[in-house]
Structures are given as C-alpha cells and as structure tokens.
Amino acid sequence: MATSTHTPLSMDKPLPGFIPGDLAWHLGMILRGHQTLFAQAVEEMPCSVRGYQMLSTVVHHDPANQQALGAHLGIDRTVLTYLIDDLVTAELVERIPAPTDRRARKIVATDKGLALLEKLEKRVADAEQTLLTGLDAGETAQLAGLLGKLSMSVHRAQPGANPCEAMDHLG
C-alpha cells in the first residue's frame, strides 16, 4: 500500500465556521432578501429604492449641496440629476440655492416628502424586522452593531464605493 504525501486541509479557516467563499453566499442571500422586502416596502416611491435612499439622505444627513448628496450615495451626477428631477416632479423635494455657494443647489424635502418618508420608514422598519425574524433581540442588536462597524471599515477603505451598484448587480 502506497503512502500518501497529500496533506489534509487545515482546520484553521480564515473565517471560523465558513468554507472560503461562504461569506459571499451568505451576504448575497441576505442582500437579495433585503432588496426584495425593501423594494416592496417603498414601491410607491418614485425611483423606488434609490428615490427612498435619496429622500432619506436629504432628511437625515442634510448634505450641503447636490454634489454632496451624489457623493454620499455614490451616484454619478448625470444620473443624480434625473433622480432629483423625478422627486421634484413628484413634489417630494425641491432645489434651493445652497447657503454656502449660491451657484450650487441644495436639495431639501417638502412637507409632502417628509410625510411620505415617515410612512415609508415604518414600512422599511417592518420589512427589516421580517428579514430578521430568525434572530432574537440581542442577536439583532449584535448584528446591527457588527454590520455598522464592518460597513464603515469598508467605506473608509473604499470611499468611492457605491452600495447601490452592488444591489443593482444581484441580477
């Protein structure tokens, strides 16, 4: 009987409990599930998820101008203009002169936009709770903290990365 010189695979994996590549599969499944529920929750929003993210950013992050809004969301300025136009047409936002530069435009939510965002935020929160039904409250809080920490680490390493593109390419 010949002896094998083959060395068995090491049990020390880069991610304990994962086969290399499993993380991508798990993240993809979670993202796909989230995207489906998120899109359903905001289906009445012009421009769907991107419109919601834009309105939410305008309200909660108060970007100084249209360029800062696009940079925060990682949206090309040409595409951004069309998205803003759609939200202006729907009377959810308006363009005003930026206080720091009259040549630039700041995007602000209208009363109608604020009311719609409030309604949709409740739906999004319910959708996210649906996604997390397999976790208890402590696990949900732990996951939220870890995801926030990890996403900010990735954002610092890749500041120009566009999370919308990742979602767009789920196909």
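Residues numbered from 1 in each chain as written. Predicted model: local features only at pLDDT ≥ 70, side-chain atom pairs only at ≥ 80, totals over all residues. Heavy atoms only, no water.

Another aspect to go through is the pairing of strand β1 (residues 93–98). Judged from the 6 bridges that link them, β1 and strand β2 (residues 101–109) form a sheet pairing that is antiparallel. In the sheet register, P97 faces β2, and the bridge partner there is R105. Where β1 folds back onto β2 in an antiparallel hairpin, the turn is made up of 2 residues. (Pairing = 2+ DSSP bridges. Helix = DSSP H or I, 4+ residues; strand = E, 2+ residues; numbered from the N terminus.)

As for its placement among the helices and strands, H72 is situated in helix α3 (residues 66–73). With 15 residues separating them in the primary sequence, H72 and T57 have C-alpha atoms 8.2 Å apart. Setting aside residues up to four positions removed in sequence, H72 forms contacts with T57 and H61. (Contact = heavy atoms within 4.5 Å.)

Under the counting rule described, the total for this entry stands at 6 salt bridges. When the shortest N-O distance is used, the salt bridge between E44 and R123 registers 2.6 Å. One end of the pair, E44, is in the loop between α1 (22–41) and α2 (48–61); the other, R123, is in helix α5 (residues 111–131), and 79 residues separate them in sequence. In this structure R123 comes out as partly exposed when scored by relative accessible area, which is 34%. Its salt-bridge partner being K106, residue D62 comes within 2.5 Å of it at the nearest N-O pair. Placement of the pair is D62 in the loop between α2 and α3 and K106 in strand β2, with a sequence separation of 44 residues. Its relative accessible area of 9% is what places K106 among the buried residues. (Salt bridge = Lys/Arg side-chain N within 4 Å of Asp/Glu carboxyl O. Buried < 20%, exposed > 50% of the residue type's maximum accessible area, 1.4 Å probe, protein only.)

Moving on, we come to α1. Taking 1.5 Å per residue, 20 residues should reach 28 Å; α1 reaches 29 Å between its end C-alpha atoms and fits that length. Regarding α1, the residues found buried are H34, F38 and A41. All buried residues of α1 fall inside an arc of 50° around its axis, so they share one side. α1 presents A24 and W25 as exposed residues on the side facing more than 90 degrees away from its buried surface. (Expected span 1.5 Å × (residues − 1). Arc of directions from axis to C-beta.)

Per-residue pLDDT for the protein chain averages 87, and the proportion of residues at 70 or more is 84%. Across residues 2–9, where pLDDT falls below 50, the model places 0 contacts with residues more than four positions away in sequence or in other chains. (pLDDT = per-residue confidence, 0-100.)

To continue, consider the packing of aromatic side chains. Across all of its chains, the model carries 1 aromatic pair by this definition. Between the aromatic rings of F38 and Y52, the centroid separation amounts to 5.4 Å while the plane-to-plane angle is 85°, which identifies the pairing as edge-to-face. Remark: Y52 occurs in helix α2 and F38 occurs in helix α1; sequence separation between them is 14 residues. Each member of the pair, F38 together with Y52, is buried. (Phe/Tyr/Trp six-rings, centres within 6.5 Å; stacked < 30°, edge-to-face > 60°.)

Turning to a nonpolar patch on the surface, a few remarks are in order. A cluster of nonpolar residues, L23, L27, I30 and L131, forms a patch on the protein surface that exposes about 320 Å² of accessible area. For the nonpolar patch, the element with the most residues is α1, which contributes 3 residues. Mapped onto the secondary structure, L131 falls in helix α5. Looking at L131, the relative accessible area reads 31%, which means it is partly exposed. (Patch = residues over 30% accessible without salt bridge, like charges linked within 9 Å, V, L, I, M, F, W, Y side chains within 5 Å. Areas by Shrake-Rupley, 256 points an atom, 1.4 Å probe, with all protein chains shown as cover.)

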